[in-house]
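Topology and contacts: notes
Residues per chain, in single letters:
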Amino acid sequence: MRHAAFATLFALAATPVLAQTPAEQVQPVAPGVWMIASAFPPHRQPDGTTVIFRAPRGLVVMDTGRHAWRRQTILDFAKAQRRPIVAIVNSHWHLDHVSGDPALKAAYPGAKLYASRAIDEALTGFLARSAAEAEPYLAPGKLPPETQEDIRGDIATTANGATLKPDIAIEGSGVRDLGGLRLAVNLAPDAATAGDVWLYDPKTRVAAVGDLVTLPAPFLDTACPKGWAAALDQVAATPFTTLIPGHGAPMSRIQFHLYRAAFNEVVACAASSRDKADCAAAWTKAVTPLLGDDAAMAKRAQGMTEYYVADVLRAHGGKSAYCKTG
Ligand SMILES: [Zn+2]
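Description of the structure in this document. (Residues numbered from 1 in each chain as written. Predicted model: local features only at pLDDT ≥ 70, side-chain atom pairs only at ≥ 80, totals over all residues. Heavy atoms only, no water.)

1. A closer look at the side chain of Thr157
By the secondary structure assignment, Thr157 is in helix 7 (residues 145–159). The residues touching Thr157, leaving out its near neighbours within four places in the chain, are Leu95, Ser99 and Leu164. (Helix = DSSP H or I, 4+ residues; strand = E, 2+ residues; numbered from the N terminus. Contact = heavy atoms within 4.5 Å.)

Have a look at this one:
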């Protein structure tokens, strides 16, 4: 007995954190379009949604997640499809969307990286500051080991940040040929970041919009709400039938309109004198049909929105500290 107990303890102690790797699935969205759902595992930093388009000459991958398991899922899928990755599109530079870029490029050196120029300033600003501020939390016992592992990963990604810069910079909106697939590649300036990129596939009528649409709350950390609202109007003007958010499940047009209305309302509420809890409650109530059955999501929506209303928008005159425009 004693021996068995000791063996169990030893096995637990020796279990690497990555043994908890979540199983990720590549789900079909439309003919030739797949997604890997966003995730927010306990004690972990999130991963954004990955969207994969089949192009005549290979695969177009929008957003590569944060964790090692996400990039592996993408690489395994490409192998199973027997198609090379020919293009990587970064919807924006947040690390839950771009951290897999170097691994994908290493596996497919011919892949071209499409992104806005906003990464340049982020590397010397937000990301450099985040890495420096996170460093003290790596001391033993400061945070759960999984969280510390994520922080170490983010610091390494930032240190290697030159690899996140675009091969082909997106400086405006237009139709582009990506591996033989014609996609509308749109630039939304001063939205969730200083430069968000979103895609529209006219063949399948799928819009992949990155963090212009996020649940359970709009992630306003680096946002200009005005530009973001304008970008949502641009999305609404596109004849999509399925919209893939940066965080959350695919949406119909009706669901997207509900999201857009709630977004505009919460920004207006933040500009009013209403209590932050009221603003967050109104948001949470409005998006309840989009949150699914998980009660924890509603709680998270409330808490995150209170934070964004008070500590991000109200603290900086109605926009994030990183927004350079009105
Ligand atoms: Zn994100």
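2. A word on the state of the cysteines
Across all of its chains, the model carries 2 disulfides by this definition. Paired through a disulfide, Cys224 and Cys323 show a sulfur-sulfur distance of 1.9 Å. Here Cys224 and Cys323 share a disulfide; its torsion about the S-S bond, 110 degrees, makes the bridge right-handed. Note that Cys224 is positioned in the loop between strand 11 (206–208) and helix 8 (225–236) and Cys323 in the segment after helix 11 (295–313), a separation of 99 residues in sequence. Numbered by position along the chain, the disulfide-linked cysteines of the protein chain connect as 1-4, 2-3. (Disulfide = S-S within 2.5 Å.)

3. Quick notes on the coordination of the zinc ion
The protein atoms that coordinate the zinc ion are Asp96 (OD), His97 (NE2), Asp211 (OD) and His247 (NE2), at distances of 2.0 to 2.3 Å. For the zinc ion, the 4 donor atoms are set out with angles of 83 to 160 degrees between them, so the coordination reads as irregular. Sequence spacing among the residues donating to the zinc ion works out to D-H-x113-D-x35-H. Of the two residues, Asp96 is situated in helix 3 (residues 95–98) and His247 in the loop between strand 12 (242–244) and helix 9 (253–270); the sequence distance between them amounts to 151 residues. (Donors = N, O, S within 2.8 Å, 3.2 Å for Na, K, Ca; no water. Tetrahedral: all angles 85-135°; square planar, octahedral: opposite > 155°, others 65-115°.)

4. Details of the nonpolar core
Burial of nonpolar side chains together is a common tendency in soluble globular proteins. Core analysis: the largest hydrophobic core is formed by 42 residues, its most contacted members being Leu212, Trp228, Phe256, Tyr259 and Trp283. When residues of this core are traced back to their parent elements, those giving at least two are strand 9 (181–189), strand 10 (195–201), helix 8, helix 9, helix 10 (276–287) and helix 11. Here this core gets 7 residues from one element, more than from any other, and that element is helix 9. Those residues in contact with Leu212 that sit more than four places away from it in its chain are Ala191, Ala192, Asp196, Trp198, Trp228, Ala231, Leu232, Val235 and Tyr259. In this structure, Met35, Val60, Ala87 and Leu178 belong to the second largest nonpolar core, which totals 21 residues. (Core = buried A, V, L, I, M, F, W, Y, C linked by side-chain atoms within 4.5 Å. Buried < 20%, exposed > 50% of the residue type's maximum accessible area, 1.4 Å probe, protein only.)

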